[in-house]
Amino acid sequence: MKDLKCGMKNCRYNKGYCCCAKQIEVTANTDCSTYDPDETKSRSLFEAGSDFVKSDYSVDTAVRCNAKCIFNREGTCIANGITVMGQGDVEAACLTFIRD
């Protein structure tokens with residue numbers, strides 16, 4: 001999946017709001033368990049620094065999914081694209097989730 005938007009600015013796989021991991025795992029609770037905070041990103045002198053990183057749409061990320069979602073086909077996400085953002089108490093969650 002090349003259209004994987006990530007709003008978790010401090011994740012090590014986030015490059016200009018695009019996920020550059022080779023594979024991510026979405027749990028039954030819709031959490032992105034691949035989310036991995038990168039402490040060096042949060043130490044930037046400028047808050048908007050990560051906003052100016054060039055987007056990388058070249059990575060074709062495999063999305064494994066354990067959620068009961070209409071896009072889940074035998075453990076693989078078949079959506080055209082997904083968005084992962086922080087939501088409530090959850091650090092990183094799939095916002096594209098639609099209950100099956």
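Everything quoted here is computed from the prediction, not taken from an experiment.

### Focus on the overall build of the protein
- Tallying secondary structure elements over the protein gives one helix and nine strands in all.
- Each helix and strand of the protein, ordered N terminal to C terminal, gives the series β-β-β-β-α-β-β-β-β-β.
- By residue count, 35% of the 100 residues in the protein fall in the buried class.
- Excluding contacts between residues fewer than 6 apart, the proportion of contacts in the protein whose partners are at least 24 apart in sequence is 67%.
- Carbon and sulfur atoms make up 51% of the accessible area of the protein, which amounts to about 6,400 Å² in all.

### Things to note about the nonpolar core
- Counting 21 residues, the largest nonpolar core has Leu4, Met8, Ile24, Val63, Cys77, Ile82 and Val84 as its most contacted members.
- For this core, the elements supplying multiple residues, two or more each, are strand S1 (3-6), strand S4 (23-26), strand S5 (62-65), strand S8 (81-87) and strand S9 (90-94).
- Sequence-distant contacts of Leu4, defined by excluding residues within four places in its chain, comprise Tyr17, Cys18, Cys19, Ile24, Thr61, Val63, Ile82 and Val84.

### Here we look at the confidence of the model for the protein
- The share of residues in the protein with pLDDT of 70 or more is 79%, and the mean pLDDT across the chain is 85.
- The lowest-confidence element of the protein is helix H1 (residues 39-42), averaging 73 in pLDDT; the highest-confidence one is strand S6 (residues 72-73), averaging 98.

Definitions and limits used
- Residue indices begin from 1 for each chain and proceed along its sequence in written order.
- Local features in this predicted model are restricted to residues of pLDDT 70 or higher, and side-chain atom pairs are both shown and tallied only at a pLDDT of 80 or more, whereas totals for entire chains, interfaces and linings draw on every residue.
- Think of the side-chain values as coming from all heavy atoms in the structure, minus any hydrogens and water.
- Going along the chain from the N terminus, every DSSP run of H or I of four or more residues is numbered as a helix, and every run of E of two or more is numbered as a strand.
- In this scheme, a residue with accessible area under 20% of its type's maximum is buried, one over 50% is exposed, and one in between is partly exposed, where area comes from a 1.4 Å probe on protein chains only.
- Should any heavy atoms of two residues lie within 4.5 Å, those residues are considered in contact.
- For the area figures, the Shrake-Rupley method with a 1.4 Å probe applies, and any residue is considered shielded solely by the protein chains shown.
- Only buried residues count toward a nonpolar core. Its members are Ala, Val, Leu, Ile, Met, Phe, Trp, Tyr and Cys residues joined through side-chain atoms within 4.5 Å.
- The predictor attaches a confidence to each residue, and that confidence, scored 0 to 100, is pLDDT.

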